[in-house]
Every structure is written in structure tokens, then in C-alpha cells.
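Okay, here's what each chain looks like letter by letter:
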Amino acid sequence: MQPTQTIISASEFATALALRPNLVAWFLGSGASAASGIPTGYSMIMDFKARIFCRENNISRREIDTGDPVWVERIGSFFRSSSILPPEGDATEYAAAFEAVYPHERLRRQYIDDAIAKGTPAFGHKVLGSLMAARKTDCVFTTNFDPLVEEAAQTASALLPATEQARPTVAALDSADRAVRSLKESDWPLVAKLHGDYQSEDIKNTSTELAAQDARMRHVLVGASQRFGMVFVGYSGRDASVMEALTSVLKERTPFPNNLFWVAQSTSKLLPAVTRFLEDARSAGVDVSFVECKTFDELAADVVKQVDLPQVLYEHVMAGRSEARLTPVNLPTAEARRFPVLRLSALPVETIPRTARRIILDSPTTSPAARALLKDAKSRAIVAANGRELAAFGNDAEIVTALQALGPKISGTIELNAVDESWARGLVYDALVEALSRRRPLRARRQRSGHSLLVNGPREGEERGKAQWRTRLLSGLRTAYVMPLTGTVPTLGFPFHEGIFLRLEHVSGQWWCGFEPHTFVDIPRESETTADYEDAMIVAPIEKSFERRGGDPAGDWRRERWARRYNGNWARIIDAWAYLLTDCADGKVSAFGLDGDAGVDAEFVVSPITAWSRPGNHHDYFERSR
């Protein structure tokens, strides 16, 4: 028989289930408990990533909002450019992140306990618990530690006469023999907790713990998969041991004899391991159905419409159902205005460097090592190394002199593919920051976590002409901020500088220079004294040493500084930065301003018009010249 896979709705699944609900076992992942207030696997991963990001960049966790797309993208960009965790979507990502944040089992257990304490059975749990109490569902597997399924089943069972009650057997890693007995004796209903129970001594979270499935639990999972069909709800497939056990079922004579249903919002959101499993299941002759449904509660709502429950259980379930969120409204009849549209703090970069100087070395090196040599020689050249080859912007003679120990030889130029090659994009990114700071009262700061530009304040003994030049160029920023651009934090005495985070991004075939205004505070290292503070200060968006002692000392001041800047203020600040960064002939900026054949310069053309979301039809705004 040819295996089939279909995409069906939750209602179609419920209709099929209602025929013989006892023939289908349930498999619940963390997504099934999301409506109960318990963090999902994805939200836990984001929390772990945020904590690692803060630790690596010395940022206070209170500053991070993992629900903010800006922070999500910044954190994602950081991990894409590092090797701290497996790639996004990798099956080991959750386990690796959990262990990186909480390396000790006791701490991981405490984290789980705290998360589970927030949960109460949701509508989906009440429906499934009622199905178990009514003996219409025999077997539930879950990777969750929470007790929501069994609590819902016990509550529902208690509503029935004593002779009709069906209380579930609960088996975890330290009580797996119960699951083995239930399978052997068909003593249903059963709740099998594959990763352990929150009260168990044994729970699985880390890569090592998840590497192999408990032999007894594996036996029960494989045995049940040869007896029942199975519906997977809220499960991502991140657990390699569970996916391996499920895949092994496909080698048996009758894998998933009563169909396999995988519930998710979209097939595009499935991890590769799940896609392979479903394809292998189809090849093994299993009828596979993908059920399009957003949540466990929505699926349960369709199930309870189709599966008959005793009246007392039906009333129990429906009494706890949330009120409908949709209410009738009168639609507006007035014609929509063509404006406003959303303004973005990003400038189109119309041209970027296409070539850089190629330098061949006698001895291989790395980019950090080459940059260290240039720094020692007080050269501002920008380089990226690949073994014995170097791509560089800057004065040729300076570069050769600084790298003399490596035997450098000028060898023409090298093509840059900044769209597809990360090293080339990094080189161009470094050069853009240098170019935008050149001939402006700005200080470039290049870091692994992202580049920034900071306003330079006046210096003691500075020439009058230079002070006037700075005052003139920064006049627009001062007017927009209506506050000093540099100074000291009250009571703390730490210097601060207004500035911007910079990003170079390629979107829809166009290069963009994104910028985000921020107030940077200079914090002395923990080992520094007041006497040597001026000579040894560091600049960080949030403190470094103070993070380990309870947070950012200037955080409250910074938040208060920005709290009352509303849309109008933001528009003026974005205007002022856009003008300052592009106030030059034809928008052309260069990193060095080299003459003739002195070397290869990094030249850019940056448009002064910030990005806007385009309305449905064309607007005169896009015809303006400034």
C-alpha cells in the first residue's frame, strides 16, 4: 500500500479521532503547556540565550526584553557570529544552552521547579484529562516535567461515580517499571514522562542526559507505537534520543498502525529532524497527517465537539473554557490617509567597496593577530586575514611596515563578496564605521558584539578652532536631544557619551546602515583606582565589572533619561544623526581619504534619506531630494 501524507484541519482530525479515540496515543511537548503559564522550550532557549548574551557582553539581564524583535535580532546576530551554541534550530540547542547557563544539576532542577510553579491545567489539559477519565484515551507520553495532565485527569475522574473512575498511572524515569507493567497488562490510562517528573530525582535536560533514552521508557514508547496511532502536540523534536526511539519504531512490522498525526502551526516551522522522521514514516507505510493548528487548546476545542463525554465531564470542561476574544465591531468607513508611514533608523548605502588590497604573507596569521600588529604600529588600517593572505584597506606602506615580521608582499587587489562571504562583510562593516567617524566629532568603537559611534566631548586645552568646529557639527544633535551630549552621571561621576549602535545589513537587494541611539557610560575596571581612571577607562553600553555585583549602576539614570522621549523627540534625533552621518559632498565618505596610489581606500555612498515603510501607492515624499 502506498503511504500517504495529508494536511488536515483540527476539525478533520477531531472527526477522525472520534471514531475510535482509544486507538490513538498522545505525545505532548512543552508547547502544550504554554497556555498554562509554563515557559515553552523556545521561550526557555531565548531566556538562556539572553543570559549568555548578557554574560558575554557584560549587560544587565534587566536591560533585555526577549519579546522585543530588536533584542531578538541582536541576540540572534551575536550567536550566529559565535560558536558558543549550536546553530539556531539544531536539535541540541536547548540542552546546550541550558547547560551553558546552569552547569549544575541542582540549579537546573531549581529552574524547572520555579517554571512549573507558575502553571495550572489549561483547557487542553482538561479535555485530555477528561478523555482519560472517561476511558477514551489510554496512553499519554510527554517530555514535560509538569503534573498538568495527571492533575487534570484526577480532577475529572473524581467527578464520576467511584465505579466509573479511571485514575492514571504516572511513570517517570525513577518509576519506569510502572509504565512497563501498564503496557504489559494493558492497565490504562498511563501517563509516561520520558524526561522525568518535577518531583523525580532523575530529570533530563543537558546534552549528556538527553543522549540516550532510558531503556525501560524506550521499551514502553516503542511498544505503544506498535499498538496505537499517535498524535504529537506542542513537540519540537529537539530530543535526539526520543526521535531516535520513534524512528526505530519504523523498522518494526506495524509502526503506528492507526495513523500518525503531527500538530503544528505550519509545515515550514518543522525542524529538519521532524521532517526526516515524517518522510521516513511515509516510506515505511504509515499514514501520516499534518494537522494545521496553532495551539493545544484550539485542537482540544475541536476534539470536545466531536468526542462524546459524560455530561458531567463535558460541563466541567466547558466551565473552564475562556471567553471568546472576538466581538462584533463597526468597521471604519472613513477613507484611510496615505500617511503616516513608519519611519526607520536606517540609511541606504548606495555603494560599498568592491575590492581591497591583497597582501601575501610569508607566515600565516589571524585577523586579531594582524590587527594587534597594526595597533602597535599606530596604524589605522583595516584588515581581514585568511592564512597567508590578507585583505586590507589603508596606506600600503604603513601596512607593510607594521606587518614586517610576517613578510608582507603587495599582490594587487582582492574581490569582495560582502553578500555571501562573512569575512568580507566584516571587513566592509569595520571600514564603514571608520568612514562615518572620519572628519566628525565621533569616536569609532569596534567590538565583537557590534560596532558603535560615540560623541567626542571637549578636551582640556583644546584649540579654539577645533572646539568651534565640534560645536558647529554637533549643533543639530544638541537641539534634538535637548540635553548635553556628553558629561558625567549624577552621583556616580562616570562619564557618559551619546552615540549610536551601527549595523550593516543587506535586505531585499539593498545595503542598509542601521543605527540605534543609545547613551553609553564609561565604567572603570574593578581593579582601577580613581587616580588612574582617566587613563584606563573602558566604554561599554552597560557596565562590565559591576554586572557581577548586581547590575548596571547607571541603568536607572539611563532609563529615566530616555523615558520621556516620545515620537517627536525620536524623529528629531533620527534626523540629526542622519544629517551628521551624511553631511558631505554627494553622500560620499571614505575610511582614510588616501591620495593617488598610496593604497586602497574604503569608499561608500550613503543616502541621507532614512528608510520608511512604503504606503500602498506612491507618495510625493519619495520624490524629495532631502
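As shown above, the structure is provided for reference.
Here's a quick rundown of the structure. Remember, predicted model here, so these are calculated numbers, not experimental data. (Residues numbered from 1 in each chain as written. Predicted model: local features only at pLDDT ≥ 70, side-chain atom pairs only at ≥ 80, totals over all residues. Heavy atoms only, no water.)

Glancing now at the overall build of the protein. The helix and strand inventory of the protein stands at 22 helices and 21 strands. Counting every position in the protein, which comprises 626 residues, the buried fraction comes to 49%. In the protein, of all internal contacts separated by at least 6 residues, the share reaching a separation of at least 24 is 70%. A total of about 31100 Å² of accessible surface is found on the protein, and carbon and sulfur atoms cover 49% of it. (Helix = DSSP H or I, 4+ residues; strand = E, 2+ residues; numbered from the N terminus. Buried < 20%, exposed > 50% of the residue type's maximum accessible area, 1.4 Å probe, protein only. Contact = heavy atoms within 4.5 Å. Areas by Shrake-Rupley, 256 points an atom, 1.4 Å probe, with all protein chains shown as cover.)

Take helix H22 (residues 567-582) next. Taking 1.5 Å as the rise per residue, H22 with 16 residues should run 22 Å; its terminal C-alpha atoms sit 22 Å apart, in good agreement. Along H22, the residues that are buried comprise Asn 569, Ile 573, Ile 574, Ala 576, Trp 577, Ala 578, Leu 580, Leu 581 and Thr 582. (Expected span 1.5 Å × (residues − 1).)

What follows is about helix H15 (residues 367-376). Turning to H15, its buried residues are Ser 367, Ala 370 and Leu 374. Along H15, the residues classed as buried sweep out an arc of 70 degrees about the axis, all on the same side. In H15, the exposed residues that point more than 90 degrees away from the buried face are Pro 368, Lys 375 and Asp 376. Those residues of H15 that are buried are in contact with strand E10 (355-365), strand E11 (382-395) and helix H16 (396-402). Looking one or two places after H15, you find Lys 378, whose phi comes out positive at around 60 degrees. (Arc of directions from axis to C-beta.)

Here we take up the sheet that holds strand E20 (residues 599-600). Strand order across the open sheet formed by 4 strands is E12-E10-E11-E20, with antiparallel pairing between neighbours. Lying at the two open borders of the sheet, with one neighbouring strand each, are strand E12 (409-415) and E20. Sitting on the sheet, H15 touches E10 and E11, and the angle it makes with E11 is about 40 degrees. Relative to E11, helix H17 (residues 422-437) is tilted by about 20 degrees, and along the sheet it contacts E10, E11 and E12. (Pairing = 2+ DSSP bridges. Axes fitted to C-alpha atoms, helices over the stretch in contact; angles between N-to-C directions.)

When you tally the buried positions in strand E14 (residues 451-455), you get 5 out of 5 residues, the bulk of the element. Of the two faces of E14, the one carrying His 451, Leu 453 and Val 455 and the one carrying Ser 452 and Leu 454 are both buried. By the bridge criterion, 4 bridges tie strand E13 (residues 442-445) to E14 in an arrangement that is antiparallel. Residue pairing across strands places Arg 445 opposite Ser 452, the latter belonging to E14. Hairpin geometry of E13 and E14 is characterised by an intervening segment of 5 residues between the two adjacent antiparallel strands and by a positive phi of about 140 degrees at Gly 450. Examined bridge by bridge, E14 and strand E16 (residues 495-507) share 4 bridges and lie antiparallel to one another.

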